[in-house]
Amino acid sequence: MKRRYKIRKQVDSFPVAENSPAIILWQDDPNGTKVLMKMIDESEDLRPFIVFGSPEFRPTEGIDLNPGGLKRNDSVFLESGKRPGNIFFFGNKPEFCQSEYIDGMLNILQDCGTISCIYTISCIPAQTSHRHPRKSLFIFNSEQCRQRFNEKFKNIKNKEFSTMPGMPQEAPSINLYLAWKAAQRGIDCVNVIIESPFYSVISEDVAAETEAMRIIKKLTSGRYRKDEKADLIAQHQKEALDLIIKRSEDLTDYVEKIESGEMLSFEEMQLIISEIKRIIGEPHD
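Residues numbered from 1 in each chain as written. Predicted model: local features only at pLDDT ≥ 70, side-chain atom pairs only at ≥ 80, totals over all residues. Heavy atoms only, no water.

Caption draft 1: Spatial organisation of the environment of Ser 274. Note that Ser 274 resides in helix α8 (residues 266–281). Ser 274 sits in the partly exposed class, given a relative accessible area of 46%. Sequence-wise, Ser 274 and Tyr 199 are 75 residues apart; in three dimensions their C-alpha atoms are separated by 9.3 Å. (Helix = DSSP H or I, 4+ residues; strand = E, 2+ residues; numbered from the N terminus. Buried < 20%, exposed > 50% of the residue type's maximum accessible area, 1.4 Å probe, protein only.)

Caption draft 2: Spatial organisation of the environment of Gly 91. In this structure, Gly 91 sits in strand β5 (residues 87–91). In the structure, Gly 91 is positioned 64 residues away from Gln 27 in sequence and 5.7 Å away in space, judged by C-alpha atoms.

Caption draft 3: Representation of the environment of Pro 133. As for its position among the elements, Pro 133 is in the loop between β6 (113–126) and β7 (136–140). With 78 residues separating them along the chain, Pro 133 and Glu 211 place their C-alpha atoms 8.5 Å apart.

Caption draft 4: Structural detail: helix α6 (residues 228–246). The terminal C-alpha atoms of α6, which comprises 19 residues, lie 27 Å apart, in line with the 27 Å expected from a rise of 1.5 Å per residue. Those residues of α6 not exposed but buried are Ala 230, Ala 234, Gln 237, Leu 241, Asp 242, Ile 244 and Ile 245. Down the axis of α6, the buried set is contained in an arc of 165°. They therefore lie on one face. In α6, the exposed positions that point more than 90 degrees away from the buried face belong to Glu 228, Lys 229, Leu 243 and Lys 246. Summarising the contacts, the buried residues of α6 are in contact with α1 (34–44), α5 (206–219), α7 (249–259) and α8. At the N-terminal boundary of α6, the capping side chain belongs to Asp 227, with an oxygen 3.1 Å from the backbone nitrogen of Lys 229. (Expected span 1.5 Å × (residues − 1). Arc of directions from axis to C-beta. Contact = heavy atoms within 4.5 Å. Polar contact = N/O pair within 3.5 Å; in protein donor to acceptor, adjacent residues only side chain to side chain.)

Caption draft 5: Expanded view of the pattern of salt bridges. The final tally for this structure, using the stated rule, is 16 salt bridges. Close ionic contact of Glu 44 with Lys 217 constitutes a salt bridge, the shortest N to O distance being 2.7 Å. Placement of Glu 44 in helix α1 and of Lys 217 in helix α5 is noted, with a sequence separation of 173 residues between them. The burial state of Glu 44 is the same as that of Lys 217; both residues are buried. (Salt bridge = Lys/Arg side-chain N within 4 Å of Asp/Glu carboxyl O.)

Caption draft 6: The arrangement of the side chain of Thr 33 in detail. Here Thr 33 is to be found in the loop between β2 (17–26) and α1. Separated by 3.1 Å, the side chain of Thr 33 and the backbone oxygen of Trp 26 make a polar contact. In contact with Thr 33, not counting residues within four places along its chain, are Trp 26, Gln 27, Glu 204 and Glu 209.

Caption draft 7: Focus on the state of the cysteines. Tallied over the entire structure, the rule returns 0 disulfides. The cysteine Cys 117 is free of any disulfide, with Cys 145 supplying the nearest cysteine sulfur at 4.7 Å. (Disulfide = S-S within 2.5 Å.)

Fair warning: the whole summary comes from geometry, so function is off the table for now.
So this is what it looks like as structure tokens:
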């Protein structure tokens, strides 16, 4: 007989959501969200109220957070101390039982009260230059959701997500599944996707994460304040890529093509990544 695990453990009182937003972030996104999570934690004064998950979902180590004595393999629901009722989820994507996992997440959100909209935030590799501002793309789980979003956030340009020709990318499937399940319950859900240069292989793209933070602040009616430390890291990343690209005529040509709006083939993209890795691996004086 299959063992059943308790998937939620209450560690503090539930928030009272009154038409409040919920922000979903995945620690194990390949393009990283660690800097973003740190910025949110420092900005929102987060309070954990539910530890979520069990070995049947993901029998591996998870997020590296320690609010309220949480263990490494915990995912967690948190309430903003600055804007009570606003909810955040920091977690790991389930390897198994995705349907049960998402149902459990939605049950917790509905137990908090009325959720105006669920926003999933993720970064994806795209054919964009590290010298250009990061763009935000959006997927809505219904036409009504799109209309309500456009009416509420007139100052947010919501370009629709589309797969780029010759580039094997897709919106994170767990987010699309969450959006679909939310629609079945009549809950708005928007997948917010931040474009990140596909060749940013040095480390996670902090410029994309700061853009995500700016969007999150708008979605949660918060005031965005620039994080000087994160901006400095993003600037250092840009300068490092500039130096790497200048060391190769091929890289210079390819990046100039991207900046002029020309689409590269998958093979050309692979060559760029290989060349950057080769240069990074070379000994320096």
